[in-house]
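If you want the building blocks of each chain, they are given just below.
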Amino acid sequence: MIFETHAHYDDDAFAKDREELVSSLFLGKVGRIINVGASIASTKTTLNLAEQYENMYAAVGVHPSDVADLNEETFAWLREQTTHPKTVAVGEIGLDYYWDKEPEVQARQREWFMRQLTLAKESRLPVIIHSRDAAEDTMNILKEVGRWDICDMSDDEVCGVIHCFSYSPEMAREFVKMGYYIGVGGVVTFKNAKKLKETVEQIPLERILLETDCPYMAPEPHRGKRNESSYIPYVIEKIAELKHVTAEEVEHVTWENAMTLFSKGRGRE
């Protein structure tokens, strides 16, 4: 079975056929889906959606480009949602300097990134990290907030996944040493995705998670179209090719990886 670790099925792109599509996914190869919040509003719709499907779970958090949503009142609400029975992670949180280049905006992103990391640590939940054009600051903040070298929730450590990984293989190896998984989606099938392909080749399969970020970043041959979890086999095939293993092994190992990281979402195996 396939564990889809990063989707946005509450997005308006699925407004016309959401129920039919999600139901069909669970009748096929997809066994688990984590729908991921990116704002206060989308965290609410994510939780509502997770409540509708037994094998869909929620990540609660605010994306760096939406930290204007956060104040003491909304952060208190977010804290409450970490105890929701379908919540399995805090995310997606992090830094995005690609869109937000003003120093004061980036400082605000760092402040709320640290606070949401601390919330995850207090809640003993893993984190789903968004990091774009901010590798050094992301690394430094992760090191500052916790010891990050051991992925052991019982010791009050926080581990997680670097979602939609876009940095160098060397940086990926550093994140792996810190106890992080690397999220791999449709980009790995693109012809120009040299860094990501090298990353997949160089890190252990035991540290890779499958994701779509749907409705965005559909793999070849669907590039440019609306993405969905049924396209993950294209990602699996490319990872298998790069790692010189079978698609079945990629599917099995990444399932176990996700079940280990998001242990609160084990449900009935």
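It should be noted that the structure appears before, not after, this text.
The present account deals with the structure reproduced in this document. (Residues numbered from 1 in each chain as written. Predicted model: local features only at pLDDT ≥ 70, side-chain atom pairs only at ≥ 80, totals over all residues. Heavy atoms only, no water.)

Comments concerning the overall build of the protein
Put simply, the test is: Strands are runs of DSSP state E lasting at least 2 residues, helices are runs of H or I lasting at least 4, and numbering of each runs from the N terminus. Between the two quantities, the radius of gyration covers C-alpha atoms and the globule rule is 2.2 Å times the number of residues to the power 0.38. Only protein chains enter the accessibility calculation, which uses a 1.4 Å probe; a residue is then buried when its area is under 20% of its type maximum, exposed when over 50%, and partly exposed in between. What sets the accessible areas is the Shrake-Rupley method with a 1.4 Å probe; for residues, cover comes only from the shown protein chains. Here Asp and Glu are counted as negative and Lys and Arg as positive; His is not counted, and neither are the chain ends. Note on charges: their place is set at NZ of Lys, CZ of Arg, CG of Asp or CD of Glu.
Helix and strand content of the protein: 9 helices and 8 strands. Computed over its C-alpha atoms, the radius of gyration of the protein comes to 17 Å, within 12% of the 18 Å expected for a compact globule of 269 residues. C-alpha extents for the protein along the principal axes are approximately 45 × 40 × 35 Å. Counting the 269 residues in the protein, one finds 57% classified as buried. When the accessible surface of the protein is summed, it comes to about 11800 Å², and 49% of that surface belongs to carbon and sulfur atoms. Side-chain charges in the protein split into 31 positive and 46 negative, and the spacing between the mean points of these groups amounts to 2 Å.

Some details on the sheet that holds strand S4 (residues 87-96)
Keep this limit in mind: Strand pairing is defined by DSSP finding a minimum of two bridges between the two strands. Every axis in this analysis is a line fitted to C-alpha atoms, fitted for helices over the stretch in contact. Angles between the N-to-C directions lie between 0 and 180 degrees. Residues count as neighbours in contact if any of their non-hydrogen atoms are within 4.5 Å of one another.
Ordered in space as S1-S2-S3-S4-S5-S6-S7-S8, the 8 strands form an open sheet in which the pairing is parallel. The sheet is open, and its two borders are formed by strand S1 (2-7) and strand S8 (208-210), each paired with just one other strand. Adjacent strand axes in the sheet meet at a mean angle of 30°, parallel and antiparallel pairs treated alike. As judged from the 3 bridges shared by strand S7 (residues 181-184) and S8, these two strands associate in the parallel manner. Pairing of Gly 183 across the sheet is with Leu 209, part of S8. Together, strand S2 (30-36) and strand S3 (56-60) form the strand contacts of helix H1 (residues 18-27), whose direction differs from that of S2 by roughly 140°.

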